[in-house]
Amino acid sequence: MFAPGHVGELTQVIPTELVDAVLDETRTRERRLRSLPSRVGVYFVLALGLFEHLGAGLVWGKLVAGLTAAVPQTSEKALRDLRRRIGVAPLQRLFQVLAGPLVQPSTPGVRYRLWRTVAFDGCGSLNVPDHERNQSWLGRTERRHGPSGYPRLMLMTLCETGTRGLIAAVFGTASKGETDYAHDLVNHLTSDMLLLADRAFDSNRLLADIAAQGAQFLIRATSTRRPPVLALLPDGSYLTRIGSVRLRVIEAEVRSRTAHGDDFGGTYRLLTTLIDHHTDPADRLVGLYHERWGATRCRTSLSELSEGGR
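Residues numbered from 1 in each chain as written. Predicted model: local features only at pLDDT ≥ 70, side-chain atom pairs only at ≥ 80, totals over all residues. Heavy atoms only, no water.

**Student:** Before we move on, could you go through the overall build of the protein and cite the residues and values that matter?
**Tutor:** Across its full length, the protein carries 10 helices and 12 strands. Along the longest, intermediate and shortest principal axes, the C-alpha atoms of the protein span 70 × 50 × 40 Å. Scored against the burial criterion, the 310 residues of the protein give a buried share of 42%. Nonlocal contacts in the protein, meaning residues at least 24 apart in sequence, comprise 57% of its contacts between residues at least 6 apart. Total accessible area on the protein stands at roughly 17100 Å², and carbon and sulfur atoms take up 51% of it. Distance from the positive charge centre (39 side chains) to the negative charge centre (32 side chains) of the protein: 4 Å. (Helix = DSSP H or I, 4+ residues; strand = E, 2+ residues; numbered from the N terminus. Buried < 20%, exposed > 50% of the residue type's maximum accessible area, 1.4 Å probe, protein only. Contact = heavy atoms within 4.5 Å. Areas by Shrake-Rupley, 256 points an atom, 1.4 Å probe, with all protein chains shown as cover. Lys, Arg positive; Asp, Glu negative; His and termini not counted. Charge placed at Lys NZ, Arg CZ, Asp CG, Glu CD.)

Written out as structure tokens, the structure is:
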């Protein structure tokens, strides 16, 4: 159980030395010789995320299926006790160590001019087990016909658009909105980042907080927002001011055609801190906004796994 190459493929992505260091730092390493040491517990929890539709026993079988050495027989109770013993601290610290941009700034597809492109992406449809401990802090989401059947978790992430690598993540009760969780991620933005975000993130306070971090942004505005026109620019965009932030507004008509030949679309109004139309022409920024859609597929897939593995 303590062999350097145990628990298969995961050790090639997350080395055992890193897991051991995290366990030592969080003081969660086992205090006596066990058949299921804490290191194995960390990889087991990671495997639970990979095979979320399986029970603990079947996930354990997948985790050790490729081992040639003798593996002790274990029960689901022993695996449950293992999870409780290591707790959340080593997994939280492991994420903090690994989270961040995945590639160098020179890698194609991860930057726009001077900035690394990142995006907010949330998922509010993650059901969790209907357990008293989950109900006590998550509650139940109120719907038109009553509360939801299971407690629900809201996940909000800041990710690198070119690689889908997670830079930071927060989660909690679904009764809070996406914008509230986005505020918790703003401090992870840096001056070399360009944030791409949907129309849920165009509140005045959030725009001001992002600008205060020194980051640039390209955010779609809600259809009801009508910012004042302070100056028209040759490319059709115009300058405006929202609160204390000086911005540029780009309006574009977006149309798509389905496989059945139906047309649909609408007007997109983009807010950006890139106000120079010479270096950042409107058509180029409209094309850049599309990269956010590719990034959001990584988080949306979480809510689709339980729907038949789509």
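Still more ground to cover, so stick around.
**Student:** Give a description of helix 2 (residues 16-25) that names residues and reports values.
**Tutor:** Among the residues of helix 2, those classed as buried are Thr16, Val19, Asp20, Val22 and Leu23. Down the axis of helix 2, the buried set is contained in an arc of 160 degrees. They therefore lie on one face. Of the surrounding elements, those touching the buried residues of helix 2 are helix 1 (10-13), helix 3 (38-50) and helix 6 (89-98). Immediately downstream of helix 2, the backbone of Arg27 shows phi near 55 degrees, a positive value. (Arc of directions from axis to C-beta.)

**Student:** Pulling in residues and values, what's your account of the packing of helix 3 against helix 6?
**Tutor:** Viewed as axis vectors pointing N to C, helix 3 and helix 6 meet at an angle of 70 degrees, and their least axial separation amounts to 10 Å. If you check the angle between helix 3 and helix 6, you find them roughly perpendicular. Of the residues in helix 6, those in contact with Val42, Val45 and Leu46 of helix 3 are Pro90, Leu91 and Leu94. Within the contact of helix 3 with helix 6, the residues separate by chemical class into six nonpolar, no polar and no charged. (Axes fitted to C-alpha atoms, helices over the stretch in contact; angles between N-to-C directions. Parallel < 35°, antiparallel > 145°, perpendicular 65-115°, else oblique. Nonpolar A, V, L, I, M, F, W, Y, C, P; charged D, E, K, R; others polar.)

**Student:** Go over the packing of aromatic side chains with me, naming the residues and quoting the values.
**Tutor:** This model, assessed by the stated rule, comprises four aromatic pairs. Measuring from ring centre to ring centre gives 6.4 Å for Phe44 and Trp60, while their planes differ by 65 degrees; the resulting arrangement is edge-to-face. Of this pair, Phe44 sits in helix 3 while Trp60 sits in helix 4 (residues 56-63), and the two are 16 residues apart along the sequence. Taken individually, Phe44 and Trp60 each receive the classification buried, so the pair is uniform in this respect. A ring pair is formed by Tyr112 and Trp115, whose centres lie 6.4 Å apart and whose planes are at 20 degrees; its orientation type is stacked. (Phe/Tyr/Trp six-rings, centres within 6.5 Å; stacked < 30°, edge-to-face > 60°.)

**Student:** Explain the nonpolar core residue by residue, including any values.
**Tutor:** Within the largest apolar cluster, 31 residues are counted, with the highest numbers of intra-cluster contacts made by Phe120, Leu158, Leu189, Leu195, Ile210, Phe217 and Leu271. Filtering out sequence-adjacent residues up to four positions away, Leu271 remains in contact with Asp202, Leu207, Phe217, Leu218, Ile219, Ala221, Arg225, Ile242, Leu247, Arg248 and Val249. In terms of nonpolar packing, the next biggest core, distinct from the first, is built from 22 residues, Val22, Val42, Leu82 and Leu91 among them. (Core = buried A, V, L, I, M, F, W, Y, C linked by side-chain atoms within 4.5 Å.)

**Student:** A description of the environment of Tyr43 should follow, citing residues and the corresponding values.
**Tutor:** Tracing the backbone shows Tyr43 in helix 3. Residue class for Tyr43 comes out buried when judged on its relative accessible area of 0%. A distance of 2.6 Å separates a polar atom in the side chain of Tyr43 from the backbone oxygen of Ile14. Separated by 3.3 Å, the side chain of Tyr43 and the backbone nitrogen of Thr16 make a polar contact. (Polar contact = N/O pair within 3.5 Å; in protein donor to acceptor, adjacent residues only side chain to side chain.)

**Student:** Which residues make up the pattern of salt bridges, and what values do they have?
**Tutor:** Summed over the entire model, instances satisfying the criterion amount to 14 salt bridges. In this structure, the salt-bridge partner of Glu25 is Arg93, at a minimum N-O distance of 2.9 Å. Linking Glu25 in helix 2 with Arg93 in helix 6, this pair joins segments that are 68 residues apart in sequence. Asp209 is the partner of Arg205 in a salt bridge, and the nearest nitrogen-oxygen pair spans 3.8 Å. Here Arg205 pairs with Asp209, and both are found in helix 9 (residues 204-212), just four residues apart, close to one helical turn. Classification of Arg205 by relative accessible area gives exposed; the value is 56%. Taken together, the salt bridges that share partners define one network made up of Asp20, Asp24, Arg29 and Arg39. (Salt bridge = Lys/Arg side-chain N within 4 Å of Asp/Glu carboxyl O.)

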